[in-house]
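# Reading the structure
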Amino acid sequence: MAGKGTPATAQLAKQKVPHTLHAYDHDPRAESYGTEAVDALGLDPARVFKTLVAEADGELTVGVVPVTGQLDLKALAAAVGKKKAKMADAAAAQRATGYVLGGISPLGHRSKLPVVIDSSAERFDTVHCSAGRRGLEVELAPADLIRLTGGIVFPIAR
């Protein structure tokens, strides 16, 4: 991984968080980055989480949900005490996080954003999420993901 680290992997190393990186060859034609990771790595899709950036009452907010579900925007807004949410503009999401679409990690954002993690993550010993680059997933304990992101846990997937 020399020269291929990301802000997410740097944060994990700095905090000495136990984790495992899983790399795969990203196919630029893939329609769903999360499903691509599941298929390429042979993972349980309920344990693989995608990171989505939304705008809740004008403030960028991150939702982390299993690839098997969709982000419930109403629930996300409620989780952060806002009235409504919509998906963020792609350019704004990339600017705020410092990552490209398909490689947005819940960790190591350029700007401090509120993070909401779907409550289903707590059912597993470990979960997978983007490590900050297309074709790179990180496996870690949900408690560590919650702690490192300063995230709150709420049922935001449908």
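These figures come from a predicted structure and were not determined experimentally.

How each quantity is defined
- Residues numbered from 1 in each chain as written.
- Predicted model: local features only at pLDDT ≥ 70, side-chain atom pairs only at ≥ 80, totals over all residues.
- Heavy atoms only, no water.
- Buried < 20%, exposed > 50% of the residue type's maximum accessible area, 1.4 Å probe, protein only.
- Helix = DSSP H or I, 4+ residues; strand = E, 2+ residues; numbered from the N terminus.
- Contact = heavy atoms within 4.5 Å.
- Arc of directions from axis to C-beta.
- Polar contact = N/O pair within 3.5 Å; in protein donor to acceptor, adjacent residues only side chain to side chain.
- Pairing = 2+ DSSP bridges.

A large share of helix α5 (residues 142-149) lies buried, amounting to six of its eight residues. Within α5 the residues assigned to the buried category are Pro142, Asp144, Leu145, Ile146, Leu148 and Thr149. Where the residues of α5 are buried, they touch α1 (7-14), β5 (115-118), β6 (127-133), β7 (136-140) and β8 (152-154). Note on α5: the residue one or two positions beyond its end, glycine 150, has a positive phi of about 65°.

Here helix α4 (residues 90-97) has its buried residues at Ala92, Ala93, Ala96 and Thr97. Seen along its axis, α4 keeps its buried residues to an arc of 115°; they face one direction. Contacts from the buried residues of α4 go to β2 (49-56) and β3 (59-66). Where α4 starts, the residue carrying a side-chain oxygen 3.2 Å from the main-chain nitrogen of alanine 91 turns out to be aspartate 89. Where α4 terminates, the next one or two residues include glycine 98, which has phi positive at roughly 85°.

For β7, the tally of buried residues reaches five of five residues, placing the bulk of the element in the interior. Judged by which residues are buried, β7 turns out to be covered on both faces: Leu136, Val138 and Leu140 on one side and Glu137 and Glu139 on the other are all buried. The sheet contact formed by strand β1 (residues 20-23) and β7 spans four bridges and is antiparallel. Bridge pairing in β7 links threonine 20 to glutamate 139. As judged from the five bridges shared by β6 and β7, these two strands associate in the antiparallel manner. The residue bridging serine 130 from the neighbouring strand is glutamate 137, located in β7. Hairpin connection, β6 to β7: the antiparallel pair is bridged by two residues, and glycine 135 has positive phi, about 90°.

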